[in-house]
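Okay, here's what each chain looks like letter by letter:
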Amino acid sequence: QLRLEESGGGLVQPGGSLRLSCAASGSTFALYTIAWFRQAPGKEREGVSCIGGRSGTTRYAEPVKGRFTISRDNAKNTVYLQMNNPKPEDTGVYYCAAVTSVNWWCSVAAGSYNYWGQGTQVTVSS
């Protein structure tokens, strides 16, 4: 059974940087596609970025494209989300999610992900 735990959230100023981590345990991490989602108060959860199994395809939602970078270190069972130049609208609880990878493909749609972490709060404010 795969378990996911996010960390690295906190308060960051606009234009700064922050790196989130998603640590996995309990299964073969490299075989899973991993995605980041976020949810602001009063809003639905939205996809942020994803990376396919092993070192597969990456995808970014338009609001974060060019500012966020997803990467994975399979030896450490960890996926990272590097947040550069965060904006106040990036504020929210960030979740990582996983699903068994299919041909290194990934999607930022939430429907196919069946493993979820508990989230880490990111607040972008001066």
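Scroll up to find the structure this text is about.
Residues numbered from 1 in each chain as written. Predicted model: local features only at pLDDT ≥ 70, side-chain atom pairs only at ≥ 80, totals over all residues. Heavy atoms only, no water.

Focus on the overall build of the protein chain
Moving on, step 1. Helix and strand content of the protein chain: 0 helices and 11 strands.
Moving on, step 2. Along the protein chain, from the amino end to the carboxyl end, the secondary structure elements read β-β-β-β-β-β-β-β-β-β-β.
Moving on, step 3. Computed over its C-alpha atoms, the radius of gyration of the protein chain comes to 13 Å, within 12% of the 14 Å expected for a compact globule of 126 residues.
Moving on, step 4. In the protein chain, buried positions account for 44% of the 126 residues.
Moving on, step 5. Within the protein chain, contacts between residues separated by at least 24 positions form 62% of all contacts whose residues are at least 6 apart in sequence. (Helix = DSSP H or I, 4+ residues; strand = E, 2+ residues; numbered from the N terminus. Rg over C-alpha atoms; globule rule 2.2 N^0.38 Å. Buried < 20%, exposed > 50% of the residue type's maximum accessible area, 1.4 Å probe, protein only. Contact = heavy atoms within 4.5 Å.)

Things to note about the pairing of strand β11 (residues 120–124)
Moving on, step 1. What you see with β11 is a clean split: T120, V122 and V124 sit on the buried side and Q121 and T123 on the side with no burial.
Moving on, step 2. One ladder, built from 3 bridges, connects strand β2 (residues 10–12) with β11; its direction is parallel. The residue bridging G10 from the neighbouring strand is V122, located in β11. (Pairing = 2+ DSSP bridges.)

Quick look at the environment of G26
Moving on, step 1. Residue position: G26 is located in the loop between β3 (17–25) and β4 (32–39).
Moving on, step 2. For G26, a relative accessible area of 55% translates into the label exposed.
Moving on, step 3. Taking the C-alpha atoms as reference points, G26 and L2, 24 residues apart in sequence, are found 4.8 Å from one another.
Moving on, step 4. Non-local contacts of G26, meaning those with residues more than four positions away in its chain, are made with Q1 and L2.

Re the sheet that holds strand β1 (residues 3–7)
Moving on, step 1. Judged by pairing direction, the sheet is antiparallel, and its 4 strands sit side by side in the order β1-β3-β8-β7 without closing on themselves. Strand pairing shows two members of the sheet lacking a second neighbour, β1 and β7 (68–73), which therefore form its edges. Strand-to-strand, the axes of this sheet are offset by a mean angle of 15°, without reference to chain direction.
Moving on, step 2. In terms of strand pairing, β3 meets strand β8 (residues 78–84) through 7 bridges, oriented antiparallel. Directly across from C22, in β8, lies its bridge partner V79. (Axes fitted to C-alpha atoms, helices over the stretch in contact; angles between N-to-C directions.)

Focus on the state of the cysteines
Moving on, step 1. For the structure shown, the criterion picks out 2 disulfides.
Moving on, step 2. Here C22 engages in a disulfide with C96; their sulfurs sit 2.1 Å apart. Here the S-S torsion is close to 70°, and the disulfide linking C22 with C96 is therefore right-handed. Taken as a pair, C22 in strand β3 and C96 in strand β9 (residues 92–100) lie far apart in primary sequence, 74 residues in all. An identical accessibility class is assigned to C22 and C96; each is buried.
Moving on, step 3. There is a disulfide in this structure between C50 and C106, and the S-S distance comes to 2.0 Å. With the S-S bond torsion at 65°, the cross-link from C50 to C106 turns out right-handed. Of this pair, C50 sits in strand β5 (residues 46–51) while C106 is found in the loop between β9 and β10 (115–116), placing the two residues 56 residues apart along the sequence. In terms of burial, C50 and C106 fall into one category: buried. (Disulfide = S-S within 2.5 Å.)

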